[in-house]
Every structure is written in C-alpha cells, then in structure tokens.
Amino acid sequence: MDALTRLREICLALPETNERLSHGEPTWFIRDKKTFVTFSDHHHDDRFGFWCAAPPGEARTLVEADPERFFVPPYVGHRGWLGVRLDVHPVDWDEIGELVVDAYRTVAPKRLTALIDGPAKP
C-alpha cells in the first residue's frame, strides 16, 4: 500500500472528516472546513510527506529531536504545524497515526474529540 493510501485511511477513519484537493494536494478537513492534514508530494519543496496541525510546542520538540524526519513546513509552520517526511526513514505507521490523531484533536471541536477520546472525566 502506498503512503498516500495509508495516510488517507488514517485521516478518513476520524469522525466527520473528508478529503478534497487544496493547493493541488490531497487535504483532509473536519466538517469540510478546518484543515488538519495535507499531503505534500514535492509540491512546495523537495520533500515527500505531509503537514499537520500540532499541539502547542510539539512541532518544535519533534523537529529539534529528529530534523531529518520532521521539519517546519512553509506557509503554516509559523502557526505551529509540523512537517513529516515519508521518504527518509522506514515509516512507523503507528506513530503516523498518533500524529494524525493529535492533529485532529488540535483542530476539531470538543464534541468530536470526545468521540475518539471518550467522555471527559471530572
């Protein structure tokens, strides 16, 4: 299975998500409005991978820890987004799944995150 197909399956498994092209690349949205992941096939630079929303501070931490695999993407990096290369290391799809779920949680309304996290505990 190719990287785009696997990424697509992970993104579309989350509640109320859809895919459409944005800036020439497959992009995943929550309720057809808020972007949480966009594929990047050498479109904006020489990298093959994806960009995703990230919780505050996470992108910087990951980029500093492994700059060959993680990067600050153009256009959205200043907003805390994370770039993930899919062509550098063997891809850990469990980790990719966690990054995508984190991206979803970062952007989705609380009602939708509750669907994947379960009810909030008092």
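Residues numbered from 1 in each chain as written. Predicted model: local features only at pLDDT ≥ 70, side-chain atom pairs only at ≥ 80, totals over all residues. Heavy atoms only, no water.

(A) Structural context of the side chain of threonine 38. For threonine 38, the position within the fold is in strand E3 (residues 34–41). Side chain to side chain, threonine 38 and threonine 27 meet in a polar contact 2.8 Å long. Excluding residues that lie within four positions of it along the chain, threonine 38 makes contacts with Glu25, Pro26, Thr27, Trp28, Phe50 and Trp51. (Helix = DSSP H or I, 4+ residues; strand = E, 2+ residues; numbered from the N terminus. Polar contact = N/O pair within 3.5 Å; in protein donor to acceptor, adjacent residues only side chain to side chain. Contact = heavy atoms within 4.5 Å.)

(B) Fine view of the nonpolar core. By size, the foremost hydrophobic cluster in this structure holds 35 residues, and its most contacted members are Leu7, Phe36, Val37, Phe50, Leu82, Ile96 and Val100. Secondary-structure elements contributing two or more residues to this core are helix H1 (3–12), strand E2 (25–30), E3, strand E4 (48–52), helix H2 (58–65), strand E5 (70–71), strand E6 (82–85) and helix H3 (93–107). Top element by residues in this core is H3. It accounts for seven residues. (Core = buried A, V, L, I, M, F, W, Y, C linked by side-chain atoms within 4.5 Å. Buried < 20%, exposed > 50% of the residue type's maximum accessible area, 1.4 Å probe, protein only.)

(C) Structural context of the sheet that holds E3. Strands sit in the order E1-E2-E3-E4-E6-E5 across an open sheet of six strands; the sheet is antiparallel. Edge positions in the open sheet fall to strand E1 (17–22) and E5, since each of these has one partner strand only. Pairing of E4 with E6, which is carried by four bridges, proceeds in the antiparallel orientation. Each residue of the ladder has a partner; that of tryptophan 51, found in E6, is glycine 83. Contacts from H3 reach E1, E2, E3, E4, E5 and E6, with the element oriented near 145 degrees to E3. (Pairing = 2+ DSSP bridges. Axes fitted to C-alpha atoms, helices over the stretch in contact; angles between N-to-C directions.)

(D) Up close: the pairing of E4. Among the five residues that make up E4, five are buried, leaving the element largely enclosed by the rest of the structure. Of the pairings in the sheet, the one linking E3 to E4 comprises five bridges and is antiparallel in character. The partner of serine 40 across the bridge, within E4, is glycine 49.

(E) Focus on the environment of valine 101. Relative to the helices and strands, valine 101 is located in helix H3. Ignoring anything within four residues of it in the chain, the contact list for valine 101 reads Leu14 and Ile116.

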